[in-house]
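A look at the structure
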Amino acid sequence: MAWLLLSFFILTSNFRDPETVAVVTPTSVSNEKMAEENMMIAKIDGEGKFMMSFEEDDRIPALEKMGDKYGVKFTDAEKKAFKSLPEFGVPMAEMRQYLNLPADKQATYNPGIPLDTIGGAKVEVVDWIMESKDMNPDLFLAIKGDEKSEYKQFKTLIKQKKKKNMNKFQLI
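In this report, the structure presented in the accompanying data block is examined. Small disclaimer: the values here were computed from a predicted structure and weren't measured. (Residues numbered from 1 in each chain as written. Predicted model: local features only at pLDDT ≥ 70, side-chain atom pairs only at ≥ 80, totals over all residues. Heavy atoms only, no water.)

Focus: the overall build of the protein
- Within the protein, the regular secondary structure consists of 7 helices and 4 strands.
- Overall, the protein shows an N-to-C arrangement of helices and strands of α-β-β-α-α-α-α-α-β-α-β.
- Counting the 172 residues in the protein, one finds 41% classified as buried.
- Put simply, 65% of the contacts in the protein that link residues at least 6 apart link residues at least 24 apart.
- Here the protein has roughly 10,700 Å² of accessible surface; of this, 53% comes from carbon and sulfur atoms. (Helix = DSSP H or I, 4+ residues; strand = E, 2+ residues; numbered from the N terminus. Buried < 20%, exposed > 50% of the residue type's maximum accessible area, 1.4 Å probe, protein only. Contact = heavy atoms within 4.5 Å. Areas by Shrake-Rupley, 256 points an atom, 1.4 Å probe, with all protein chains shown as cover.)

Dropping the structure here:
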């Protein structure tokens, strides 16, 4: 009987993609469940670097919209490489070079997506969020921060999102 139960749970479980940068979230309690579909996650690691992750179906359209906004054209091979990334943390200026790196080098190279805390001149994280929401209005944003990340990073992201009239998100 135990073998049947074990087999059932193994066969019906969903495995998560490995995280490029591990984010240790502070302990908290919430009654609200996080959505399982149509999610994009903005991560802030312990050093204050921003990372993004999307559902697999939303990755290529998001990349194309950001490429149009920043004047970057991607090849089919680069789009395929981007689709295989569970998460990324690279500025658009370096995205093509990043996508052409071998997978082992991609895993170790994460300079972070720019979001200026002073002046707000570089708001690529917010651009990723807004362009993705324009592409798929059903996408829901979750912000995940490491317990060592500074409040200033959260505050800047939320402030820049408010400027774009995007006030709905979930902190995880």
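Some thoughts on the nonpolar core
- One finds Met52, Phe88, Met95, Leu99, Trp128 and Leu157 to be the most contacted residues of the largest nonpolar core, which totals 34 residues.
- Of all the secondary-structure elements, those providing two or more residues to this core are β1 (39-44), β2 (50-54), α2 (56-70), α3 (76-83), α4 (95-99), α6 (124-135), β3 (140-145) and α7 (151-163).
- Per element, the largest residue contribution to this core is 5 residues, and it comes from α6.
- Sequence-distant contacts of leucine 99, defined by excluding residues within four places in its chain, comprise Leu63, Phe74, Glu78, Ala81, Phe82, Leu85 and Gln106. (Core = buried A, V, L, I, M, F, W, Y, C linked by side-chain atoms within 4.5 Å.)

Here's the deal with the pairing of β1
- Within β1, 6 of the 6 residues are buried, which leaves the element mostly enclosed by the surrounding structure.
- Residues Met39, Ile41 and Lys43 point to one face of β1 and Met40, Ala42 and Ile44 to the other, with burial holding for every one of them.
- Here 5 bridges tie β1 to β2, and the two strands are oriented antiparallel to one another. The residue bridging methionine 40 from the neighbouring strand is phenylalanine 54, located in β2.
- Counted along the chain from β1 to the antiparallel partner β2, the turn is 5 residues long, and its residue glycine 48 has a positive phi close to 85°. (Pairing = 2+ DSSP bridges.)

A closer look at the sheet that holds β2
- Taken in spatial order, the 4 strands of this open sheet run β2-β1-β3-β4, and their pairing is mixed. Strands at the two margins of the open sheet, each flanked by one partner only, are β2 and β4 (170-171).
- Examined bridge by bridge, β1 and β3 share 6 bridges and lie parallel to one another. Each residue of the ladder has a partner; that of alanine 42, found in β3, is isoleucine 143.
- Here α7 sits on the sheet in contact with β1, β2, β3 and β4, set at roughly 160° to β3. (Axes fitted to C-alpha atoms, helices over the stretch in contact; angles between N-to-C directions.)

Describing a nonpolar patch on the surface
- Together, Met1, Trp3, Leu4, Leu5, Leu6, Phe8, Phe9, Ile10 and Leu11 give the surface a local cluster of nonpolar side chains, amounting to about 1,100 Å² of exposed area.
- Tracing the backbone shows phenylalanine 9 in helix α1 (residues 2-12).
- Residue classification places phenylalanine 9 among the exposed positions, given a relative accessible area of 53%. (Patch = residues over 30% accessible without salt bridge, like charges linked within 9 Å, V, L, I, M, F, W, Y side chains within 5 Å. Salt bridge = Lys/Arg side-chain N within 4 Å of Asp/Glu carboxyl O.)

Here's the deal with the pattern of salt bridges
- This structure, assessed with the given rule, holds 8 salt bridges.
- A salt bridge links glutamate 78 to arginine 96; the shortest N-O distance between them is 3.1 Å. With a gap of 18 residues between them, glutamate 78 in helix α3 and arginine 96 in helix α4 connect regions that are remote in the sequence.
- The partner of glutamate 150 in a salt bridge is lysine 152, with the nearest N and O atoms 4.0 Å apart.
- Residues joined by salt bridges that share partners form a network here, namely Lys65, Lys69 and Glu131.

Re the packing of aromatic side chains
- Tallied over the entire structure, the rule returns 6 aromatic pairs.
- Note on phenylalanine 54 and phenylalanine 88: the rings are 6.2 Å apart at their centroids and 20° apart in plane angle, and the pair reads as stacked. Taken together, the residues phenylalanine 54 in strand β2 and phenylalanine 88 in the loop between α3 and α4 connect sequence positions 34 residues apart.
- Taking relative accessible area as the criterion, phenylalanine 88 reaches 2% and is therefore assigned buried.
- Among the aromatic residues, those joined into a ring-pair cluster are Phe54, Phe82, Phe88 and Trp128. (Phe/Tyr/Trp six-rings, centres within 6.5 Å; stacked < 30°, edge-to-face > 60°.)

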